[in-house]
Amino acid sequence: MTFDQIINARRSVRIYDENAQFDSKIVTKSLERAVLSANSSNMQLWEFYQVSNEDKKKAVVKACMHQSAARTASELIIFVTRQDKWKERARWNLANMQKQFEGKTLTGKDKRALNYYKKLMPLFYTNDFLGIATLIRFGIVAYHTIINKPIIHLVSHADQRVSLHKSCALAAQTFMLSMKSEGYDTCPMEGFDERMIKKILHLPANAEICMVMACGIGKPEGIYSSRTRVDNSEVIFRI
Ligand SMILES: Cc1cc2nc3c(=O)[nH]c(=O)nc-3n(C[C@H](O)[C@H](O)[C@H](O)COP(=O)(O)O)c2cc1C
């Protein structure tokens, strides 16, 4: 399929053929493609869970409120954000960068790249009980706003969460397009009980569920209506 054909063929499918042959390896391959998605600062604060255990699948279907997409899916994938892993990932990026710079006289650009993971990521992601880190970020943003200098408005925990979900959703999109290119259908879902799913996956408190993805061979009746979008002129602008 060409890229255009993949985009046009992908639909959210809510009923799957439960007797159809389903190759789990395609899910693995699509997840391996998903990890190549663009993501904020290459921090990769995400995890993808391929639910293969029958009891766990039943529990996830229940958490998805028995939606038909989840109930009839051959497989369910859970896209998770992991803010708690920021220190680990910053260190990983820093080590990679240091390896690339080994034996080289560091330029200003190289030093800035190292400081990005040494100083900027801690500034973005630190959260403390007293809210001191948030106050520091607020102060920096307020100062830049006063002097009319551009700055990323990443202050609160809510801002951090948005950033993480953006990256994770891009991975979910890569996954859906990959699955379609291999002849499989998907349905992204946010209709689920997050507390239940976190319990099933034994996730820590600040991990969040971005999406649950149903996968399988869609039945024609699994597409509930023809595809509609508001007119391009309402959402695409040239300025
Ligand atoms: C973040 C997100 C959450 C969604 N949640 C659900 C859901 O819980 N159940 C469902 O049946 N469809 C869900 N959908 C699918 C949308 O309804 C669907 O993408 C939209 O109607 C456009 O249709 P299309 O995907 O076939 O182009 C979700 C889609 C996204 C992107």
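Figured I'd write up the structure that's included with this text. (Residues numbered from 1 in each chain as written. Predicted model: local features only at pLDDT ≥ 70, side-chain atom pairs only at ≥ 80, totals over all residues. Heavy atoms only, no water.)

1. Thoughts on the site of the ligand
Residues in contact with the ligand, as listed here, are Arg10, Arg11, Ser12, Arg14, Gln67, Cys187, Pro188, Met189, Glu190, Gly191, Arg227 and Arg229. In the model, an oxygen atom of the ligand is placed 2.6 Å from a nitrogen or oxygen of the Ser12 side chain. Between the ligand and Glu190, the relevant distance is 3.0 Å, taken from a nitrogen atom to a main-chain nitrogen or oxygen of the residue. A total of 620 Å² of accessible area belongs to the ligand in isolation, and the protein chains cover 67% of it. The residue inventory of the shell around the ligand, partitioned by class, reads three nonpolar, three polar and six charged. (Near = heavy atom within 4 Å. Polar contact = N/O pair within 3.5 Å; in protein donor to acceptor, adjacent residues only side chain to side chain. Areas by Shrake-Rupley, 256 points an atom, 1.4 Å probe, with all protein chains shown as cover. Nonpolar A, V, L, I, M, F, W, Y, C, P; charged D, E, K, R; others polar.)

2. Here's the deal with the pairing of strand E4 (residues 207-216)
The two faces of the sheet receive side chains in turn, since in a regular strand these alternate between them. Across the ten residues that make up E4, a large majority, ten, are buried. The pairing of strand E2 (residues 75-82) with E4 spans eight bridges and is classified as antiparallel. Across the sheet, residue Arg82 finds its bridge partner in E4, namely Ala207. (Buried < 20%, exposed > 50% of the residue type's maximum accessible area, 1.4 Å probe, protein only. Helix = DSSP H or I, 4+ residues; strand = E, 2+ residues; numbered from the N terminus. Pairing = 2+ DSSP bridges.)

3. A closer look at the pattern of salt bridges
Enumeration over the complete set of coordinates arrives at eight salt bridges. Linking Arg82 and Glu47 is a salt bridge whose minimum nitrogen-to-oxygen distance equals 2.9 Å. Taken together, the positions of Arg82 in strand E2 and Glu47 in strand E1 (residues 46-51) put the pair 35 residues apart, joining distant regions of the chain. Among the residues examined, Arg82 registers a relative accessible area of 9% and is labelled buried. The exposure class assigned to Glu47 is buried, which follows from its relative accessible area of 16%. In this structure, the salt-bridge partner of Lys104 is Asp110, at a minimum N-O distance of 2.6 Å. Linked through salt bridges whose partners overlap, the residues forming this network are Glu47, Arg82, Asp84 and Lys85. (Salt bridge = Lys/Arg side-chain N within 4 Å of Asp/Glu carboxyl O.)

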